[in-house]
Every structure is written in C-alpha cells, then in structure tokens.
Amino acid sequence: MGAAASTEHTSENREALVTALISESKRILETQPGNRCCKYLGPYLESEEGKALSDDDLKTFYGCARTGLENEDSGLGCYAQTPADYEKFGGFFNKVIGDYHLDDPEKTQKHESCWDASAIGENGVLDVTKLGLEQLSMRVRVGRNLKQFNLPGAMDQAERIKFEQSMLLAFAALVANEAYGGEIYSLSPDFGEGVVNPNKISNEKYEELVKAHVLFKDMDADPYLKSAGIASDWPYGRGCWQSADKECIIWFGEEDQLRIMCMKTGTCLNEVFDRLKTMLDTVEAIDGIDFAVSENFGNVTSCPSNLGTGMRASVHIKIPNLTSDGTDTKAKEVCDPLGLSVRGTGGEHTPIGADGTVDISPRNRLFIKESEIIAKLYSGIEQLMAKEKEAAAVVPAEAEAPAAAAEA
C-alpha cells in the first residue's frame, strides 16, 4: 500500500481509504497473526472513536500504523507521531499496549516512576563481584522527547534542524559543566538557508564514531524506521553529545528525539544507574527542556515498547557454556523466563561474541519502576550465571561421549 496514494485520498475518499486499510490489515493477519498493529487497526477504525476522527487525524493515524502495514513481520508495527497520539488514538494504542506489556489487550495500569534503589543489594550497591564476576561492560539509557516538537516520525527537515538548534544550549551547558565537558558531533550538512553547522563532522569521523558505538548507524537503511517516517531527511537533525570521559552520551534525532545514556566498564551496576539519574536531572533543569509525559504511560516514546521508563539497562556478559553451539538459542531459553532479552554484542540482530559474550537486559519498560529494572538486571545476572555453571557440567559430558564411543 503506497503511502502517497493513501494519504492523498484522505479528504477526497475517506471511506475508500478506511476500507483499504482494514482489508490490508486482515490480509496481513492471515500470515502474520503476531502483528499487533494489524490486529487492532480494523476494530479501531470501525469503532465510534475511529469513525469520529477528522481527516487530518486519520492521516496522522495512518502514519502511526504505516510501518506495520508495510513491514508485515512487525511485532508491534506502530509508532506514535506526536506526543498526544497515545491519548488521541487511545482506542487503538491502549489495546496494543495492553497486549504487549500486560499480555492482555483489555488490561491497563497507571505507570509509576521511582529511581530510589537504596534498598536494593547492599544499601543500593549492586556489586557483581559478589556473584563471582569480574568487570563488565555496563550501559543504562533512557529515551526522551520534548513535548513542544512532533515525535521523529512526523518531523520534516526544517523541524529536525530546529530541534537540533534548540538542543545546542543544553549541550553547551553540559560542556561547561566540569562533571561532563565533552563535544558535540553533528551529521546535519547545514542548518538551512546558508546557515553553517559549526558542529558538523566528516564522513570519516562519523564512521569512526559508529565503530566505537558512540553514534548510531544510517537509519535510512532500516525499513521499519523508514516506513514510520523516523528515518526521513537523513542525516539532518542527527548526531550526539559525548562527555569528556566518554562515559555519557546523548543521541539526538534517532528513534526518539533524545537517547540519554551512561556506560562504563566496572563491577557496580548502581554506578551507571546513579550517574544517569544525576545527568538526567541536570538536563531536565536546563531552560527549554520539557519532556513529554503521559498521565497513564509515563515518559512518551515513539515506540509503545519503550513507554514508561524508556529505560534499557544492559551488560555484556560471557556465557561460553550456554553458547557452546555458537548461537544464543540456549541463552534465550534460559533468559526468557527471567524476563531478560538477549542480543549480540553489537545490538539487536547482531551475532554473539566469539568468546560467548552476549548483551542481556530486562525486557520490561512500562508499568515497572526504574529501580526495579536495575534490580531485575542484577538478580537476572545471578540466576543466569547459576545456569551457566550447570551448563558447564553438561558440556564436558557431551564432549566425552563421542570420545568414549570412538575408543569402544
């Protein structure tokens, strides 16, 4: 279903557009029943709320649902286009959110936030050496969006530039702060109408930063983000600020307007968690920074999967016995019941490390407190390492069996 053809006819032939959207969603569900966008799109458009949408709102709603219609294997298949969309299209998004976060499209809760982790571990200290581990690569990030701008999917080039320019004062305040310092790396070719971008970097520098996992890859190559409009106008409005010690980064212009993160190699998970909270408070106190927040869903993000905390807390951990077959299959079998996601060391859809290193993080973002996420990561590491030790006894036994058979 072509985007141009669909949106051009919104005012002229509303009924035909709605019929086409419902028909397409039903066709997709026949082979992709897990596509939540298609599952709830038809019933929503046929509901009283859906029928009452203005032509402009229907066009915006199509923008929210487009990625699920064009990428049939989507699990969620929808991205909000503005901070108000979760309320404006509540009859649709509430079903998607209930299904994804609560395993029930009819259920709903109110998100609560709490960063106080003082009662976790030993007075808030989450030391992995207590679990028999040495230093780990640790990272905690949150997604945030400013309420005065559209979300990335609905931004045009001019708004992307305006957003980047609005963030320059915040980045300047961080650079001037002795606790952070650092530099701004921008991909925007210019600021429009002949205005030079003082922070523009070369292609060579960009590739260097991508390889170092400081900056994100070319979003235009991602079909899901492309369909959602999030990758449009690449590379305008994209880049990052990085602290002088390289442990704090703020991406701008990715899936969310801002991805704010702290990372380090160490043994205490609470160190990156606490520093992120301090940096987040510092950023939010800067004039002009007003994060979009939903009364029911907490921090607003483009993807419903990140609503609430917007947080992903992760570590790179070596589990050679659970990955002895060269894949993360067994690791996922162990981690799934623990509520942990397993990724490759380069992120989603990347291979595991040759030494059995994987990236693990708690899956939940919404209807869970920030302090509970970091606690869940710590307890998850403990349980995962117990399974890794169990697997250590199995691997040698499996290796000995062929040898014994050969001797016989």
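Below, the structure is looked at part by part. Note that the coordinates shown come from a computational prediction; the quantities given were computed from them, not determined experimentally. (Residues numbered from 1 in each chain as written. Predicted model: local features only at pLDDT ≥ 70, side-chain atom pairs only at ≥ 80, totals over all residues. Heavy atoms only, no water.)

**A word on the packing of aromatic side chains**
- Under the criterion given, the structure shown has 14 aromatic pairs.
- Ring centres of Phe 61 and Phe 92 lie 5.1 Å apart, and the angle between their planes is 90°; this geometry places the pair in the edge-to-face category. Of this pair, Phe 61 sits in helix H5 (residues 55-70) while Phe 92 sits in helix H7 (residues 90-102); the two residues are 31 residues apart in sequence, bridging distant segments of the chain. Note on accessibility: Phe 61 and Phe 92 belong to one class, buried.
- Between the NZ or CZ atom of Arg 144 and the centre of the ring of Phe 291, over which it lies, the distance is 6.0 Å. (Phe/Tyr/Trp six-rings, centres within 6.5 Å; stacked < 30°, edge-to-face > 60°. Helix = DSSP H or I, 4+ residues; strand = E, 2+ residues; numbered from the N terminus. Buried < 20%, exposed > 50% of the residue type's maximum accessible area, 1.4 Å probe, protein only. Lys NZ or Arg CZ within 6 Å of the ring centre and 35° of its normal.)

**Some thoughts on the pairing of strand E8 (residues 311-318)**
- Among the eight residues that make up E8, six are buried, leaving the element largely enclosed by the rest of the structure.
- With six bridges joining them, strand E1 (residues 136-144) and E8 adopt antiparallel strand pairing. Looking across to E8, one finds that Val 140 is bridged to Ala 313.
- Where E8 and strand E10 (residues 357-362) come together, four bridges link them in antiparallel fashion. Residue pairing for E10: Ile 317 is matched across the bridge by Val 358. (Pairing = 2+ DSSP bridges.)

**Structural notes on the packing of helix H2 (residues 14-31) against H5**
- The contact between H2 and H5 brings their axes to 12 Å, and the two run at 20°. Judged by the inter-axis angle, H2 sits roughly parallel to H5. The two elements H2 and H5 meet at a crossing, and its hand is left-handed. Packed against H2, whose contacting residues are Arg 14, Leu 17, Val 18, Leu 21, Glu 24, Ser 25 and Ile 28, the element H5 presents Asp 55, Leu 58, Tyr 62, Gly 68 and Leu 69 at the interface.
- The class makeup of the residues in the contact of H2 with H5 is seven nonpolar, two polar and three charged. (Axes fitted to C-alpha atoms, helices over the stretch in contact; angles between N-to-C directions. Parallel < 35°, antiparallel > 145°, perpendicular 65-115°, else oblique. Left-handed = near helix turned anticlockwise from the far one by under 90°. Contact = heavy atoms within 4.5 Å. Nonpolar A, V, L, I, M, F, W, Y, C, P; charged D, E, K, R; others polar.)

**Structural notes on the side chain of Thr 67**
- Position of Thr 67 among the secondary structure elements: in helix H5.
- Excluding its chain neighbours within four sequence positions, the residues that come into contact with Thr 67 are Ser 74, Gly 77, Cys 78, Tyr 79, Tyr 224, Ser 227 and Ala 228.

**Considerations on the pattern of salt bridges**
- Inspection of every chain in the model, using the stated rule, returns 25 salt bridges.
- Its salt-bridge partner being Arg 36, residue Asp 99 comes within 3.2 Å of it at the nearest N-O pair. You can see Asp 99 sitting in helix H7 and its partner Arg 36 sitting in helix H3 (residues 36-45), a full 63 residues away along the chain. A single burial state applies to Asp 99 and to Arg 36, both of which are buried.
- Ionic pairing is found between Lys 264 and Glu 271, a salt bridge with its closest N-O pair at 2.8 Å. (Salt bridge = Lys/Arg side-chain N within 4 Å of Asp/Glu carboxyl O.)

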